[in-house]
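What the coordinates show
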Amino acid sequence: MKSSEKGFTLIELLISITIIAAASAAAGAAIFQIVRNTERNADQMTAVRQVENAGYWISTDAQMAASANTTADLVSPNFIFMEWTTWNGTTGDPVSYSARYFFENLTNGTGTLKRSYLSTDGANQTTLIAQYIYYDPGDVANTSNNSYQGSMLTVKLTALVGQAMESKEYKIMGRPNY
């Protein structure tokens, strides 16, 4: 190039464009990974929270229960049925309670877990306990299940959100002296 000419040669432009393209591709791949991992982490956290919430409610009822019927004894969509009695502190009259956990809207093995709570003193309500709970009796290794032996209720809860699956097993002792 003559000293009076100014600008870039074709080779310099091609090298610059190649470097910019490579840097842009690397930045695009990094952004894609960040977005994909953020979505996967959000699904995993949702699954964990759903399992923990269901475990909390079932554990609370099971600690009060005098008896429990589990999936082996119940017809689907019922999951667990528990009963117990307390005594009214004012009158000394017995108050009977029951909590029935059941699945609703099961699609491809995933649905919502609800709790129907009844008592003879009129406290009757149905509550959404957890979403994305996985229940497929054909998938014994992964599905939510339960058993009741002696006074020990064992409950395995599995949530499936997107590609994220979370399972936790709870072993709950019933109240003593029943």
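Residues numbered from 1 in each chain as written. Predicted model: local features only at pLDDT ≥ 70, side-chain atom pairs only at ≥ 80, totals over all residues. Heavy atoms only, no water.

1. Notes on the pattern of salt bridges
Throughout the structure, instances matching the rule amount to three salt bridges. R115 is the salt-bridge partner of D61, the closest N and O atoms lying 2.7 Å from each other. Of this pair, D61 sits in helix α1 (residues 10–64) while R115 sits in strand β4 (residues 110–119), placing them 54 residues apart in sequence. For D61, a relative accessible area of 4% translates into the label buried. Residue E169 is joined to K171 by a salt bridge in which the shortest nitrogen-to-oxygen separation is 3.7 Å. Look at K171 and you get exposed, because its relative accessible area is 57%. (Salt bridge = Lys/Arg side-chain N within 4 Å of Asp/Glu carboxyl O. Helix = DSSP H or I, 4+ residues; strand = E, 2+ residues; numbered from the N terminus. Buried < 20%, exposed > 50% of the residue type's maximum accessible area, 1.4 Å probe, protein only.)

2. Notes on the pairing of strand β6 (residues 145–149)
Along a regular strand, successive side chains alternate from one face of the sheet to the other. As paired strands, β6 and strand β7 (residues 152–161) are joined by five bridges and run antiparallel to one another. Paired with N146 across the bridge in β7 is V155. Where β6 hands over to β7, the hairpin turn is made up of two residues, of which G150 adopts a positive phi near 65°. (Pairing = 2+ DSSP bridges.)

3. Here's the deal with α1
Over its 55 residues, α1 runs 82 Å from end to end, which matches the ideal 81 Å to within 8%, given 1.5 Å per residue. Next to the buried residues of α1 lie β2 (78–87), β3 (94–107), β4, β5 (125–134), β7 and β8 (164–173). (Expected span 1.5 Å × (residues − 1). Contact = heavy atoms within 4.5 Å.)

4. A look at unusual backbone geometry
Here the bond from S76 into P77 is cis, since omega is 15°, no more than 30 degrees from zero. By the element assignment, P77 lies in the loop between β1 (67–70) and β2. Its identity as a non-glycine residue notwithstanding, N105 has a phi of 55°, on the positive side. Inspection of the secondary structure assignment puts N105 in strand β3. A relative accessible area of 58% means that N105 is categorised as exposed. In this structure, Y132 is a non-glycine residue whose phi angle is positive, near 65°. Its location among the elements puts Y132 in strand β5.

5. Some thoughts on the nonpolar core
If you look at the biggest cluster of nonpolar residues, it comprises 29 residues, and the most contacted ones within it are I58, F79, M82 and Y101. Contributions of two or more residues to this core are made by α1, β2, β3, β4, β5, β7 and β8. The contact partners of M82, leaving out residues within four places of it in the chain, are I58, D61, A62, A65, S67, A68, Y97, S98, A99, Y101 and L153. (Core = buried A, V, L, I, M, F, W, Y, C linked by side-chain atoms within 4.5 Å.)

6. Topic: the side chain of T70
Position of T70 relative to the elements: it lies in strand β1. Judged by relative accessible area, which is 4%, T70 ranks as buried. Filtering out sequence-adjacent residues up to four positions away, T70 remains in contact with F79, N146, S147, Y148 and L153.

7. Regarding the packing of aromatic side chains
The final tally for this structure, using the stated rule, is seven aromatic pairs. Where F79 meets F103, the ring centres are 5.1 Å apart and the plane angle is 65°; that geometry is what we call edge-to-face. Here F79, found in strand β2, pairs with F103, found in strand β3; they are 24 residues apart in sequence, far enough to count as distant. What makes F103 buried here is its relative accessible area of 3%. Ring geometry for W84 versus Y97: centroids 5.7 Å apart, planes at 15°, classification stacked. Pair noted here: W84 is in strand β2 and Y97 is in strand β3, with a separation of 13 residues, a long-range link. Taken together through their ring pairs, the aromatic side chains of F79, F103 and Y135 make up a single cluster. (Phe/Tyr/Trp six-rings, centres within 6.5 Å; stacked < 30°, edge-to-face > 60°.)

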